[in-house]
Amino acid sequence: GMKQKLAIAIALQHAPPLLLLDEPTTALDPLVREALFRLLRELRTRGHTIFFSSHNLAEVEQICDRVAILRAGRLVLLDDVAALRSRGVRMVEVVFRTDPAAFPAIPGATLVSRQGARFVLRVEGAVADVLPPLHALGIEDITITAPPLEEVFLDYYRGGP
C-alpha cells in the first residue's frame, strides 16, 4: 500500500493535464482511496483529463464521466456512464395495498420474486410502460433501481448489445 501511495503522490505532484492511471486503488485502504477520488474529482473539475483503468466498476462509476468497454482487444462501446446505465435493465420492487391473486403479464417485465404483496420485477425497456398496469393493482410503495455498471458491462461480455 505504501508503494502505491508513493507512486500516486509522484504522479499527481505536478497536477499534469493528462493522467493515465492503471488500477490506482490496488492495495489502498478505504480512507486513502476516498482521498484519491476527491483529488481526482477536483482535477477533473479543473479540466484535467484522467484515463482510469480498473476492474472495480463501482469505482469507475464514482470517478468516470465516460466509459470504454473492450472485448477481445476491440472497442465495443464508448459512452457516458449515465447513458450506459440508462440502457440497462431496471429492477422494480413494488408493494401493493393488497396481495393480488394473480399477477398479470406485463410486456417488458419479468417477475423475479414474490413475497405476499411485495413483487420484484426485472424491466427491460421504458419503465413508464409498466407503471400503468402496476398502478391498476393499487401500489402502496415502489422502488426503481438502475442497474450497476457491472451488470451493463457483463451484458456486453456475454454478447449483449
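Above this text sits the structure in question.
Notes on the structure in this doc start here. Not measured: the values here are computed from a predicted model. (Residues numbered from 1 in each chain as written. Predicted model: local features only at pLDDT ≥ 70, side-chain atom pairs only at ≥ 80, totals over all residues. Heavy atoms only, no water.)

1. Focus: the nonpolar core
Line of reasoning, step 1. Of all hydrophobic cores here, the largest spans 21 residues; its most connected members are Leu40, Phe52, Val60, Val67 and Leu84.
Line of reasoning, step 2. Looking at this core, the elements with two or more residues in it are helix H1 (2-12), strand E1 (18-22), helix H2 (30-45), helix H3 (57-63), strand E3 (66-71), helix H4 (81-87) and helix H6 (149-157).
Line of reasoning, step 3. Each residue touching Val60, except ones within four places of it in the same chain, is listed here: Phe52, Ser54, Val67 and Leu149.
Line of reasoning, step 4. Ranked by size, the runner-up nonpolar core spans eleven residues in total, among them Phe119, Leu121, Val130 and Leu134. (Core = buried A, V, L, I, M, F, W, Y, C linked by side-chain atoms within 4.5 Å. Buried < 20%, exposed > 50% of the residue type's maximum accessible area, 1.4 Å probe, protein only. Helix = DSSP H or I, 4+ residues; strand = E, 2+ residues; numbered from the N terminus. Contact = heavy atoms within 4.5 Å.)

2. Some words on the sheet that holds strand E6 (residues 109-115)
Line of reasoning, step 1. Strand order across the open sheet formed by four strands is E6-E7-E5-E8, with antiparallel pairing between neighbours. Of all the strands in the sheet, the pair left with one neighbour each is E6 and strand E8 (139-145). Going from strand to strand, the sheet's axes swing by 20 degrees on average, the running direction of each strand aside.
Line of reasoning, step 2. Sheet topology places strand E5 (residues 90-96) next to strand E7 (residues 118-123); six bridges connect them, and they run antiparallel. Within the sheet, the bridge partner assigned to Arg90 lies in E7 and is Val123. (Pairing = 2+ DSSP bridges. Axes fitted to C-alpha atoms, helices over the stretch in contact; angles between N-to-C directions.)

3. So, the pairing of strand E4 (residues 74-80)
Line of reasoning, step 1. Relative to E4, E3 is paired through six bridges, and the arrangement is antiparallel. Among the inter-strand pairings, Arg71 is bridged to a residue of E4, identified as Arg74.
Line of reasoning, step 2. Once E3 ends, the chain turns through two residues before running back antiparallel as E4, passing Ala72 with a positive phi of about 55 degrees.

4. Concerning the packing of aromatic side chains
Line of reasoning, step 1. Tallying each qualifying case throughout the model produces three aromatic pairs.
Line of reasoning, step 2. Ring geometry for Phe37 against Phe52: centres 6.4 Å apart, planes inclined by 70 degrees, an arrangement best described as edge-to-face. Linking Phe37 in helix H2 with Phe52 in strand E2 (residues 49-53), this pair joins segments that are 15 residues apart in sequence.
Line of reasoning, step 3. The buried category is assigned to Phe37, whose relative accessible area is 0%.
Line of reasoning, step 4. Overall, Phe52 belongs to the buried group, its relative accessible area being 11%.
Line of reasoning, step 5. Ring geometry for Phe103 against Phe119: centres 4.9 Å apart, planes inclined by 20 degrees, an arrangement best described as stacked. Of this pair, Phe103 sits in the loop between E5 and E6 while Phe119 sits in strand E7, and the two are 16 residues apart along the sequence.
Line of reasoning, step 6. Among the residues examined, Phe119 registers a relative accessible area of 0% and is labelled buried.
Line of reasoning, step 7. What links up through ring pairs into an aromatic cluster is the set Phe96, Phe103 and Phe119. (Phe/Tyr/Trp six-rings, centres within 6.5 Å; stacked < 30°, edge-to-face > 60°.)

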